[in-house]
Structure formats: C-alpha cells, structure tokens
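The residues making up each chain are set out below.
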Amino acid sequence: MSRTPLDTVEHAAATPDVELPWAELGLTKDEYERIVEILGRRPTGAELAMYSVMWSEHCSYKSSKVHLRQFGEKTPENDVLLVGIGENAGVVDVGQGYAVTFKVESHNHPSYVEPYQGAATGVGGIVRDIIAMGARPVAVVDPLRFGAADHPDTKRVLPGVVAGIGGYGNCLGLPNIGGEVVFDACYQGNPLVNAGCIGVMRHEDIHLAKASGTGNKVILYGARTGGDGIGGASILASETFDDAKPSKRPAVQVGDPFQEKLLIECTLEAFAEKLVVGIQDLGAAGLSCATSELASNGSGGMRVTLDDVPLRDSTLSPEEILMSESQERMCAVVEPEKVDRFLEICEKWDVIATVIGEVTDGDRLEIYWHGGKIVDVDPRTVAHEGPVYERPYARPEWQDALQADDAGKLPRPQTSEELKDQVLKLVASPNQASKKWITQQYDHFVQGNTVLAMPEDSGMIRIDEETGLGVAIATDGNGRYAKLDPYTGAQLALAEAYRNVATTGAKPLAVSDCLNFGSPEDPAVMWQFAEAVRGLADGCLQLGTPVTGGNVSLYNQTGETAIHPTPVVAVLGVIDDVSRRTPMAFQEEGQLLYLLGDTREEFGGSAWSQVVHDHLGGLPPKVDLERERLLAEILIAASRDGMIDSAHDLSDGGLIQAVVESALLGGKGARLVVPDGLDAFTFLLSESAGRAIVAVPRSEEVRFNDMCGARGLPVTRIGVVDGDTVEVQGAFELTLTELREAHEATIPALLA
Amino acid sequence: MTARIGVVTFPGSLDDRDTQRAIRLAGAEPVVLWHKDKDLKQVDAVVLPGGFSYGDYLRAGAIARFSPVMGALIEQAKAGLPVLGICNGFQLLTEAHLLPGAMLGNDHLHFICRDQKLRVENAETAWTSDYTVGQEISIPLKNMDGRYVADEYTLDKLEAEGQVAFRYLVRGEAAEGYGNPNGSLRDIAGITNEAGNVVGLMPHPEHATESLIGTGRTDGLPFFTSILKKLVTA
C-alpha cells in the first residue's frame, strides 16, 4: 500500500485542487464552499470530517434553529431556570438547595437499523448529557413509538428496543419510571426511540461545557476510540431512509453499560473533589463535537494531539478518530495541578484517562497528528456558526380535507351491548392495553427512591430522604392530534404531561421536548414543525413552565411518507413531601368518584375513532390552558391536604380507560352513573382535555366540593369505588377478570 | 454498641447504596467495603449487593469472584461470618462455592422486574430469624439470570437439610406477583449453607424496607433486623 502524504493544513493550502468527498459525508455544495470561504483554503480531510458531522442536521439544528428561537424569546418570567437552553441539558431549581437537570433525546434512526444497540446507546447518550452537567442521574424514562402492533417488523424492532433500553439502563442502576409506548402504522419504517434522564445536584455543583484557563489540560477518559458509529450524526440521523442505499448498520454505535457505570461513578467522584473546570460528553460527532464545543464555549483556544487518543483499532485514520461515535467517553478540562488526582480517580475505577491536549491563549482549535497540524479552525465556525436554513414551509393542501372529515359523524354504538363491546375492544387495543410486558423488563426499584413508576400518571423520585422532597416527570405526545392540527397537538402534549405531573400531586415547573418530524426539505413537514414549535412555545409561556432544552429529530420518513408530526413533551414537577403523592389505583371501597372538568363531544383523533373505525380526521380536542392550570392547582392542593386518595388523568381512551386502569391496578371495581346532560357514549369515550377523575374519601367530600366550587372548577360526582366489576348503570357491567384478560393479554400475544 | 455490616462495592454494583440504607433503617451501621480491599475492616457481617459486577461479562459473578476482597470473605464465611448475597451477590456466592448450584438465564429470556411473592422455608438462618416458616412475603425481583439450577442430588440434599430458604409462590399463578418467574428448579428463590450463616437469594429485600418507596411494603426489613438481633445478642 502506498503512503499518501498526511493532509496537513500546509498540504491543504498547497494543493487547492484536491477533490474531497464532501457529498459522501452529507454536505451540500454550498456548505462545502462556505467551509472553503471560512478557512480561506480547502479544508484538510480532518477539518472536512469535523465540519461534516458538526454541520449535520442532527448536531447543528440548521433547519430548526430559526423556529426554536421562540423557546428563548417566549420564556415565562420566573426564576426556576438555573441554566437555560444551549448547554448539555437545562437545570431547574427545585428548592432546598437542589437543582434538577433533565432532557429527552432521540435515537430514532439507529434503533430502526439495529434496535438493541440503537436503543441502548440512546440511553447511554442522554445519561452522559446529564452527568456532564454535574448531576447524579436518578431516573430514566422512554417515550417510544412503533409501527402497527401486528406488523411482522414490529416484532423485530420492539423487543430489540425494549431489551436494549433494559439491558443498558438496568446495568447502569437507573430506575426506569415512565414513558410511553404507542403503535401507529405511520411509524412502521421510522420508529421513535426517545430517551429521557433526570439528574440531581446541589446548586453549587453545576458544571458547564467550556474550556477555560490557559494551560489547563484536556483529558479524554472512558472507553477507547474505535471505528464504530462513524458518521452516525450525519449520514444516519440526518437523512431519509432509502431502500436503494447500502445498509447503514456500521454507522450505529455499540454500547457497553458497564463502562458507562464506571464513567458515572468516576466523574461524580471527580466532581465531588472539585477537580473539573469544564466537561463535555462524547455523543453525536464524538471528538469533533467535544473539542470544538469546549473550545468554542471557553475563553481560549485548544491544542490537541490526536496521537494520544487511546484506540481500539490502531489503523484508524485521524478523520475516523475525529468522527467516531464510540460510546462511553467523556472529555474534561482540568487545572494542571489537579491532573494527577483526576487520573488517580480514573485509575481507581479502572477507567482509561489520557491528557490529549490543553487550553491555549489563542482562539484557534488546533489538532496534530504524527507531528503535522491537520486542523486549524476557529472552533465557533464548527460548533456554533454552522449554516442556518429558512426552509420554505406551507400548510399542506390536504390539511383542510383532513380537518373536514369530522370524527363526530362516525357511526356510534346503537345499543348498550354494542357500547360494551367497543369498550372491551378499546381497552384491549394495543395502544390502550397494559404495557406491563414491556415495563417489567426495566428496573423500577434501584436506588431505592422510586415513589411512583409506570403505569402511574407520572414517575416520581424522592431526592431527599430527610425532608421527602421529590420530583415527578411525565412525557406525552399524541401524533394523531398533531397531524390534525400541529399547533393544538403540541399544546395538547404539553397539557397532558403537565396534567399528569399535577395528578400525582407535584407542581409542574419546566419543560423539555423531543420534536420528531419528517423531512425538513418537505414544506408540509416544515409547516407542521413550525406550527408545533409555535404552539409549544406559546403554551409554555402561558403555563409559566419554561423550555429548558430539548432535541429535534428530523428526516423521520421513508421515501415520501413522513411520520405523524410527533412532539413529545416532558414536564418536570416538584413535590415538597413525597408522602403526599397521589397514586392512580383505587384504594378503598366506598370512596366517591368525581370527574373534574368539562366533557364535550370530542372524538377527532381519538382512540375510539382509531380502534373502532380506523379513522383519523376532524379536529383534536380543544385546549384551554387556563383550565389546565386550575385543574392542576386543585389536584395539588387536594393531594397536599389529603382530600383525595387516588387520581388519574383522562386522555386517550377517555374516562372509561382511566377508570379501568385505576380499577385493575387497585383490584377494586367501580359503579358509574352517566351524569345528566351526557349520553353514555360521550361520557365514556370523549377525549376532552383538562379532565381527571379522583377518588374522595367520604369524610372529605364536603371539603373537596367546596374547594372546587370556590375555585370555579366543574366537578361531577360520577360514582363510587365498589365491588369487582366496572358497571355503568343502565348500560353494561364488565368483571375485573374479563377486563384484566382483555387489557393484559394483547401485548404478550403480539410480541412475546 | 451496634453491629457493623459491610457492603461490598464491585465495579458495576448497583444496589450497594440501597443496601447501606436498609442496614441503617434496621438500626445497624453500614460499612463500605471496596472490591480491591484485602481485609474486611473487622465487620460483623457482609452483604454482597445486587448489580452487574464487571458487567456480568463472562458469566454473572464469575469475575467478581476473583476480586481481592473475596479471598478474605470466603475464608471468614467458612469460619462462620454471616454473609448475605442478593441477586448478583447470590450469583457470586455460587461462583465462589459458598453456596451450591448455579444461575442460568431466565427461561423466558427477558429481564424481569416485579413484586414477587415468596414463601419463607427456613427461619433459622442468621438472616431469616425474624420471619416464620410458611410466612408469605412480597419482595421485588429484578434480574436477567435468575434461574437457579443444581443437579438432582444437590437439590434433594438442599431439601432434606432444610437449606431451601425461600421459594417462589406458585399458588394463584394468574394473580400479580405469583408464579415461578424464571424457571428456577423446585421454585427455589434462595438458599442457605448448612451452617445457616451464608444466605443467597434472587429477590431484593433492600428494596422492600420503606412503606412509601418501591412497592410500598417492608417485607424485606426482617433480613436486616434478623442479623442485627443475632449480632447484638451474640
């Protein structure tokens, strides 16, 4: 093999005509020309590698940035945010000196190509984001979307994804406390695997990703760098799947949770001894991202010797080392006199750590290989000043027809018998059925602080054993609603997650999101995206819950067909004393059931329209965020003052779904009476937002009603916790045994 | 004076802090032991906690068994030091031949996490005296490799000598938490050595020690009160 000369900066300047594979690396011609313009010469191979991954859609947000700015512009005026958008994850003040950081990210494309590793490394990546803020991770959640439950490929993707999440998360010792599983044919070729993580720290322990202080050392620690995941961010995450192209499996990384567990403990120990000036995890775009972001955020420049990077494969080229997305690596900036101690801690945990460079007083990022300078760039142009696109967007021409196709006109059940059959069919449908087969593959108990976990409305973790301070998190997103109206759909996702947090007794504080959409190059998709962002930003402003950060996943489409627009919203809440939390299960026979909120005839995008009629059309339920806020205040007050013993939010599947879930979990039935002014069908199956059911001990009935009355929240007594059946008086009765059979058999039958 | 109970942290241990908390809740003093320690810091008993020591690479517990701390532990356990192995700790005790048998992958090939019903079979060990024989308890189970196996001779001997400490409750199979969750032979969830000082089980008693947390039951607390009583009255 002949040796080609090393493509140094000098060599690049001397050989302007050398053709570089910019198109293969996912760059456009315009983008390549811009790089040449910035550098004043052609890039070296290594520089091109860095720009190509950092300017990818996944890393640069080049198509979404112009819209995402609204989250900063529409921030509500309060002081809950300690660190806002732009860092690895936002940080929220939860009181008593504690800060909580949380974030949701996508690992959609890799999880379709290689479900187990794709999902596993998604967990790994989000956990490293949280550690990089200085926090100890305390819980994970996983919002998932798959194709039709009975499609053969779902049986390949789902079990792999679930095993990957479990295999990685369980091994890290992080309780999995929430998330969702939704099936819809629109996700057949583009499953959504979003992963969220919460971390806790003291206010003074917040760390940021920046390299400051001339002479400070840059330490790469964790796993060795290998050839896996090269181009993960660019050629995998930022392109549409296409049958004609070769398999992208080599672009998927391979995870080692054991290594990550050591990395967590070792990093937290270094934090505790205050050895770290700045820190960044190596995720998408690997070393390219870590070095350019640290240098770009800091005050100085950075010099790195790539020869010092520990390799798994000694034949890797410098370009490959810079692009590799090998997992379980982090990069810390440490003062020279603290380097020895830092390395000692790494040694204690058997973590490989190497000084690979230092902070310089210039403003350049310089990278050397075999003595030659192969990168000499302004790090800001790599990390933060990438291209920004004002992609054209337009309301699709089919939107009007879709909205005109009113679900209210679908044939409704004519007899009680038919209503009963439809209810039974609904609670057994894959989306409404119990997900126990999935969630019991995740550890809920580890760390010994789990107060609530799925199927509860929100997951809840105790963060202080003395005071009982806790945090709650819920994630929600309904692609069917968002397809009908992306603005409203995004607000409904926010409203539901907000409500879910409040239902368990916690006060909603802040929002993170994971925005999953099709190709930004399609104006219709771009319109959906723009509308959803606008809806979410407006909603967060109104509810007073700032967006702390998030993630955008585009190109979730196969050929011309995009997924439903799927904004997944995570709401974080705080509860002063977890012993006041409200569970979902019915606790005691004889307790009174109340419906809070208004029920209208709203069936657009409903579970009923999907399961019974395979229909999607009309308008989604109306959103009234002021009502959501009032409902939340009532639920929180009732929980704090001991007025309710259980509560459950009403969302997809309507009231009957909620009653069945609370009954099955508590092992206690319910007798329901259809309230005046409603027909049984609307009462049971409408999906009007802003509602919850609560079980009130008889001794609290007066006090609870007075509170709702004084605050102006509509409250309707709908029945009582009783017996071993769910009975709707005058309509039908179903035993808990047959409901359990219907509700719990579906998923194992399809997927086990 | 209270008892000092060591909890070993291996690389990949996960439930070490939870176990320390459970020991505290029972009124004893937890002592942190590190896998590279060569002595046991004169503790009165040791718990090997759950997790994935060394990533469960090769085989659960197979690498941890050769950690420096295990040398002293094996020697002292044979001399009567009370040792409890939970989940990965149980796997480790079988690898170290302090308990007979071995653990295989769950028969359904999935990780399983649930509140598991158990029956107490031996209430005379160092770790189970606060239970009564036949008592039915509910303790979280969470593992990938929980299927207890041994040859017929060993199984018969375990039964004959009363060394089966806990069994999965298979009565009422359809209800929540009942049934053999992993294919363990003779529904064995936990065993003891002949002397009764070494006990291993797959479910996690340290996760059932507070009324609000996890399953909300405290059925696991007697493990820690049993040993405390034994040590302070000894």
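Participant: Mind showing me how you'd approach the overall build of chain A here?
Facilitator: When you go through chain A residue by residue, the secondary structure sums to 26 helices and 28 strands. For 752 residues, the compact-globule estimate of 2.2 N^0.38 gives 27 Å, and chain A sits close to it at 26 Å. The dimensions of chain A, computed from C-alpha atoms along their principal axes, are 85 × 55 × 45 Å. In chain A, the share of contacts with a sequence separation of at least 24, taken over all contacts with a separation of at least 6, comes to 85%.

Participant: Please explain the packing of helix 1 (residues 16–26) of chain B against helix 5 (residues 221–233) of chain B as it appears in this structure.
Facilitator: All names here are of chain B. Orientation of helix 1 relative to helix 5, taken along the N-to-C sense of each, is 60°, at an axis distance of 9 Å. The orientation of helix 1 relative to helix 5 falls into the category oblique. In the packing of helix 1 onto helix 5, the handedness of the crossing is right-handed. Residue-level inspection shows Ala22, Ile23, Leu25 and Ala26 of helix 1 in contact with helix 5, the latter providing Leu221, Phe224, Thr225 and Leu228. Counted by class, the contact of helix 1 with helix 5 contains seven nonpolar, one polar and no charged residues.

Participant: Looking at this structure, how should I read helix 20 (residues 523–543) of chain A?
Facilitator: Three- or four-residue spacings in an α-helix give side chains the same orientation, since the helix completes a turn every 3.6 residues. The first and last C-alpha atoms of helix 20 of chain A sit 30 Å apart over 21 residues, in line with the 30 Å expected at 1.5 Å per residue. Positive phi appears at glycine 544 of chain A, one or two residues downstream of helix 20 of chain A, with a value of about 75°.

Participant: Help me understand the confidence of the model for chain B in this model?
Facilitator: Caution applies to low-pLDDT regions: their predicted coordinates should not be interpreted in detail. Averaged over every residue, the pLDDT of chain B is 95; residues scoring 70 or more account for 98%. Two numbers describe this predicted complex: its pTM, 0.94, and its ipTM, 0.94.

Participant: Honestly, the pairing of strand 6 (residues 192–202) of chain A in this entry has me stumped. Any pointers?
Facilitator: Every regular strand shows the same layout, with side chains that alternate between the two sheet faces. Residue and element names in this part refer to chain A. Counting buried residues in strand 6 gives ten out of eleven residues, a clear majority hidden from the surface. One ladder, built from seven bridges, connects strand 4 (residues 136–146) with strand 6; its direction is antiparallel. Opposite proline 137, over in strand 6, you have glycine 199 as the bridge partner.

Participant: Teacher, can you tell me more about the pairing of strand 1 (residues 4–9) of chain B here?
Facilitator: Residue and element names in this part refer to chain B. In terms of burial, strand 1 is a largely internal element, five of the six residues being buried. With six bridges connecting them, strand 1 and strand 2 (residues 29–34) associate as parallel partners. Each residue of the ladder has a partner; that of glycine 6, found in strand 2, is valine 31. Here strand 1 pairs with strand 3 (residues 45–48) via three bridges, running parallel. Each bridged residue has a counterpart across the sheet, and for glycine 6 the counterpart in strand 3 is valine 46.

Participant: Can you walk me through the sheet that holds strand 6 (residues 112–120) of chain B in this structure?
Facilitator: Two pairing modes exist for strands in a sheet, parallel and antiparallel, and in both the strands are linked by backbone hydrogen bonds. All names here are of chain B. With mixed pairing, nine strands are arranged side by side in an open sheet as 2-1-3-4-11-10-9-6-7. In the strand order of this sheet, the two ends are held by strand 2 and strand 7 (136–143), each with one partner. Strand-to-strand twist of the sheet, defined as the mean angle between neighbouring strand axes without regard to direction, takes the value 25°. In the packing of helix 2 (residues 68–78) onto the sheet, the strands contacted are strand 1, strand 2, strand 3, strand 4 (83–86) and strand 11 (198–201), and the crossing angle to strand 4 comes to about 125°.

Participant: Is there a simple way to think about the interface of chain B and chain A in this case?
Facilitator: Accessible area lost upon the coming together of the parts serves often as the stated size of an interface. In this assembly, 24 residues from chain B lie in contact with 25 residues from chain A. Of all elements in the fold, only helix 1, strand 6 and strand 7 of chain B reach the threshold of two or more residues within the side of chain B that touches chain A. Tallying contributions element by element places strand 6 of chain B first for the side of chain B that touches chain A, with three residues. Grouping the constituent residues of the side of chain B that touches chain A by class yields eleven nonpolar, seven polar and six charged.

Participant: Can you help me understand the sheet that holds strand 3 (residues 98–106) of chain A in this one?
Facilitator: All names here are of chain A. Read across the open sheet, the six strands follow the order 1-2-3-6-4-5; overall the sheet is mixed. Sheet topology places strand 1 (81–83) and strand 5 (176–183) at the edges, where each strand pairs with a single neighbour. Shown here is a sheet whose adjacent strand axes are inclined to one another by a mean of 25°, direction ignored. Sheet topology places strand 1 next to strand 2 (residues 90–95); two bridges connect them, and they run antiparallel. Residue valine 83 lies in a different strand from strand 2, and its bridge partner there is valine 91. Seen against the sheet, helix 7 (residues 115–131) touches strand 3, strand 4 and strand 6 and runs at an angle of roughly 25° to strand 6.

Participant: So what exactly am I meant to see when it comes to helix 10 (residues 257–272) of chain A here?
Facilitator: Here helix 10 of chain A is 16 residues long and its end C-alpha atoms lie 22 Å apart, about the 22 Å a rise of 1.5 Å per residue gives. For helix 10 of chain A, the tally of buried residues reaches 13 of 16 residues, placing the bulk of the element in the interior.

Definitions and cut-offs
Residues numbered from 1 in each chain as written. Chains lettered and ligands numbered in written order. Predicted model: local features only at pLDDT ≥ 70, side-chain atom pairs only at ≥ 80, totals over all residues. Helix = DSSP H or I, 4+ residues; strand = E, 2+ residues; numbered from the N terminus. Rg over C-alpha atoms; globule rule 2.2 N^0.38 Å. Contact = placed C-beta atoms within 7 Å. Axes fitted to C-alpha atoms, helices over the stretch in contact; angles between N-to-C directions. Parallel < 35°, antiparallel > 145°, perpendicular 65-115°, else oblique. Left-handed = near helix turned anticlockwise from the far one by under 90°. Nonpolar A, V, L, I, M, F, W, Y, C, P; charged D, E, K, R; others polar. Expected span 1.5 Å × (residues − 1). pLDDT = per-residue confidence, 0-100. Buried ≥ 20, exposed ≤ 12 C-beta atoms within 10 Å, placed from the backbone. Pairing = 2+ DSSP bridges.

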